[in-house]
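Overview (structure and organization)
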Amino acid sequence: MEKKKRRWGDRKDGVLLRDLDGMHFITPLIYPNRCDNEAYIRETIDLTNMNAFLKKKNESGTEFPYTMFHIIVAGLVKTITLRPKMNRFISGNRIYQRRWITAAFMVKRQ
């Protein structure tokens, strides 16, 4: 998101969306709880092309080889970059557009 001057109602992590249509304006009121609007999907994906790509990419003997996780995270970040409406959040019955894209992960060693 481009750098904009901070206005009244904005947060440090997001910009208040002031010009929403009526349907999106009432969404936080319809779904007051955090987990009310969840969508689940079950999909089977053929990963043979991804495995071939990873094999070709890692043939050069890099110090840290690429994994399927790297490709999935890169795809998620690119999707959110190209579709900024997916990078919104609700706080205090108001909808905000995030200022940046972050990805954080925890690794369990054992």
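What this report covers is the structure whose coordinates are included nearby. Note that the coordinates shown come from a computational prediction; the quantities given were computed from them, not determined experimentally.

Take the overall build of the protein chain next. Along the protein chain, the regular secondary structure elements total 3 helices and 3 strands. Listed by position from the N terminus, the elements making up the protein chain come as β-α-α-α-β-β. Taken over the C-alpha trace, the protein chain has a radius of gyration of 19 Å; the compact-globule value for 110 residues is 13 Å, which it surpasses by more than 25%. Principal-axis analysis of the C-alpha atoms gives the protein chain an extent of 55 × 35 × 30 Å. By residue count, 15% of the 110 residues in the protein chain fall in the buried class. Within the protein chain, counting contacts between residues at least 6 apart in sequence, those at least 24 apart form 53% of the total.

Another aspect to go through is the sheet that holds strand β1 (residues 14–16). In spatial order, the strands read β1-β3-β2; together these 3 strands make up an open sheet with antiparallel pairing. The open sheet has two edge strands with one neighbour each: β1 and β2 (88–91). When the angles between neighbouring strand axes are averaged without regard to direction, this sheet yields 40°. In this structure, β1 lies alongside strand β3 (residues 94–98), joined through 3 bridges in antiparallel fashion. Of the residues in β3, the one forming a bridge with glycine 14 is arginine 98.

Take the pattern of salt bridges next. For the structure shown, the criterion picks out 2 salt bridges. The partner of arginine 11 in a salt bridge is aspartate 13, with the nearest N and O atoms 2.9 Å apart. When its relative accessible area of 30% is taken as the criterion, arginine 11 is described as partly exposed.

Glancing now at the packing of aromatic side chains. Counted by the stated rule, this structure contains 2 aromatic pairs. Between phenylalanine 69 and phenylalanine 105, the ring centres sit 4.8 Å apart and the planes meet at 75°, which makes this aromatic pair edge-to-face. Pair noted here: phenylalanine 69 is in helix α3 (residues 68–82) and phenylalanine 105 is in the segment after β3, with a separation of 36 residues, a long-range link. A relative accessible area of 44% means that phenylalanine 69 is categorised as partly exposed. Overall, phenylalanine 105 belongs to the partly exposed group, its relative accessible area being 48%. Between the aromatic rings of phenylalanine 89 and tyrosine 96, the centroid separation amounts to 5.3 Å while the plane-to-plane angle is 15°, which identifies the pairing as stacked. Tyrosine 96 carries the same exposure label as phenylalanine 89, and that label is buried. Residue placement shows arginine 11 over the ring face of tyrosine 96; its charged tip is 5.5 Å from the ring centre.

On the surface, a cluster of nonpolar side chains totalling about 600 Å² of accessible area is made up of Met23, Phe25, Ile26, Leu29, Ile30 and Tyr31. With respect to the helices and strands, isoleucine 30 occurs in helix α1 (residues 22–30).

Analysis parameters
Residues numbered from 1 in each chain as written. Predicted model: local features only at pLDDT ≥ 70, side-chain atom pairs only at ≥ 80, totals over all residues. Heavy atoms only, no water. Helix = DSSP H or I, 4+ residues; strand = E, 2+ residues; numbered from the N terminus. Rg over C-alpha atoms; globule rule 2.2 N^0.38 Å. Buried < 20%, exposed > 50% of the residue type's maximum accessible area, 1.4 Å probe, protein only. Contact = heavy atoms within 4.5 Å. Pairing = 2+ DSSP bridges. Axes fitted to C-alpha atoms, helices over the stretch in contact; angles between N-to-C directions. Salt bridge = Lys/Arg side-chain N within 4 Å of Asp/Glu carboxyl O. Phe/Tyr/Trp six-rings, centres within 6.5 Å; stacked < 30°, edge-to-face > 60°. Lys NZ or Arg CZ within 6 Å of the ring centre and 35° of its normal. Patch = residues over 30% accessible without salt bridge, like charges linked within 9 Å, V, L, I, M, F, W, Y side chains within 5 Å. Areas by Shrake-Rupley, 256 points an atom, 1.4 Å probe, with all protein chains shown as cover.

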